Amino acid sequence: MSGVQLREVAAGEGGQRLDRWIRRHFPQLTQGRIEKMCRKGEMRVDGGRVKSSTRVEEGQTVRIPPVPAAASAAAASPQLTDAEAERVQRMVIYRDDHLIALNKPPGLASQGGSKQTTHVDGLAEALRFGADEKPRLVHRLDKDTSGVLLLARSREAAAKLGEVFRSRETVKIYWAAVAGVPQPAMGRITYGLVKDSVGRARDGDEMMRCVHPDEVSKTPGAKSAETHYTVLATLGRRVSWCAMRPVTGRTHQLRAHIAALGHPIIGDGKYGKRGQENLGDGWGSGLGGAVSQKLHLHARSLMMEHPFTGAKLTLTAPLPEHMAETWAFLDWVPGDAPADPFADPV
């Protein structure tokens, strides 16, 4: 076990999340351990308390509490099996010298935590494809959300892509099957979001609560959030195919926002009751019959300017099996939807 260390963020390391910076220097530390150190105030940046998601900048000093010896890193990062490597390589939908895009399946976490032993970050070693560095996550998707997930193939690419994401120059389109039919058929949701300690205590997992925009500044811990949505198809008044575009990127934003309108995503028992009806609050999240009870939320596409070539890049992920079956059952055709339903008509 080492003693307390003070390390300076070196040139070229700025602009990345603290947890990613820490894991590159101390690969023996798990994500859960890093988050615990931050919560307890043991890990600090320039003397101040931080979160694991805090971004570090060149020249800052990071305080690292005593950590296990680096010799244990091999145990923390076991060798991938051929099956695991093949599994993650099959997810690749785009690759160039700077970035890799995956179609992440539902049920696979993006990053590790206290309860996650298998995740994209841990499988990324199999995505080197001859590069000197293991690719690193640029953003994340919820464990049960499928679709486009972007990884950078170098530290420089990660920094550039991070700038693109923070400037909100990317366009992310999500598809969802939601209970009922939102009214109006196209709109903007601007509820703020705050962690719901009651909801978390109930099932042990993080849950967010919507806050009226006028109350965000008065609610401790609340953050503003914005989601655009549009209805692409319906089956009567019972279920809708919705496209959603998050303007901000808050935890569970799409799930909490659309449920707040009384139209939870199919299969989302956290934000909509599992039953088929939720009288007084709109429909429940269940459809019954042959429709899967898995979450019906998919990161369909990501559109951005390539940070190195300047070319317009559109990454599109096919629906996961359970959603493709639902679309076929409801006679919804993916090819009928416009690539960007929120674009201004020409």
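Computed from a prediction, not measured in an experiment: that's the story for all the values here. (Residues numbered from 1 in each chain as written. Predicted model: local features only at pLDDT ≥ 70, side-chain atom pairs only at ≥ 80, totals over all residues. Heavy atoms only, no water.)

What am I meant to see in the sheet that holds strand β1 (residues 5-8) here?
By way of backbone hydrogen bonds, the strands of a sheet pair with one another, either parallel or antiparallel. Across the sheet, four strands lie side by side as β1-β6-β3-β4; this open sheet has antiparallel pairing. Edge strands, defined here as strands with exactly one partner in the open sheet, are β1 and β4 (48-49). For strand β3 (residues 44-45) and strand β6 (residues 61-64), the ladder comprises two bridges, and the chain directions are antiparallel. When the sheet's bridge partners are listed, V45 is paired in β6 with V62. (Pairing = 2+ DSSP bridges. Helix = DSSP H or I, 4+ residues; strand = E, 2+ residues; numbered from the N terminus.)

How should the environment of W327 be read in this particular structure?
Of note, W327 is situated in helix α9 (residues 321-329). By relative accessible area, W327 is classed as buried at 1%. Expressed as a C-alpha distance, the spacing of W327 and V291, which sit 36 residues apart in the sequence, is 9.6 Å. Ignoring sequence-local partners within four residues, the contact set of W327 consists of W175, A176, A177, W241, H296, L319, W332 and P334. (Buried < 20%, exposed > 50% of the residue type's maximum accessible area, 1.4 Å probe, protein only. Contact = heavy atoms within 4.5 Å.)

What is the right way to read unusual backbone geometry from this model?
Backbone phi values are negative for most residues with the exception of glycine, while trans is the configuration of most peptide bonds. That bond from Q183 to P184 is cis: its omega, 0°, falls within 30 degrees of zero. With respect to the helices and strands, the residue P184 is situated in the loop between β11 (171-179) and β12 (186-189). Despite not being glycine, F129 shows a phi value in the positive range, around 50°. Mapped onto the elements of the fold, F129 is located in the loop between α5 (120-123) and β9 (136-137). The backbone of D331 sits at a positive phi, close to 60°, despite the residue not being glycine. Mapped onto the elements, D331 comes out in the segment after α9. On the basis of relative accessibility, which here comes to 65%, the residue D331 falls in the exposed class.

That is the geometry; function is a separate question.
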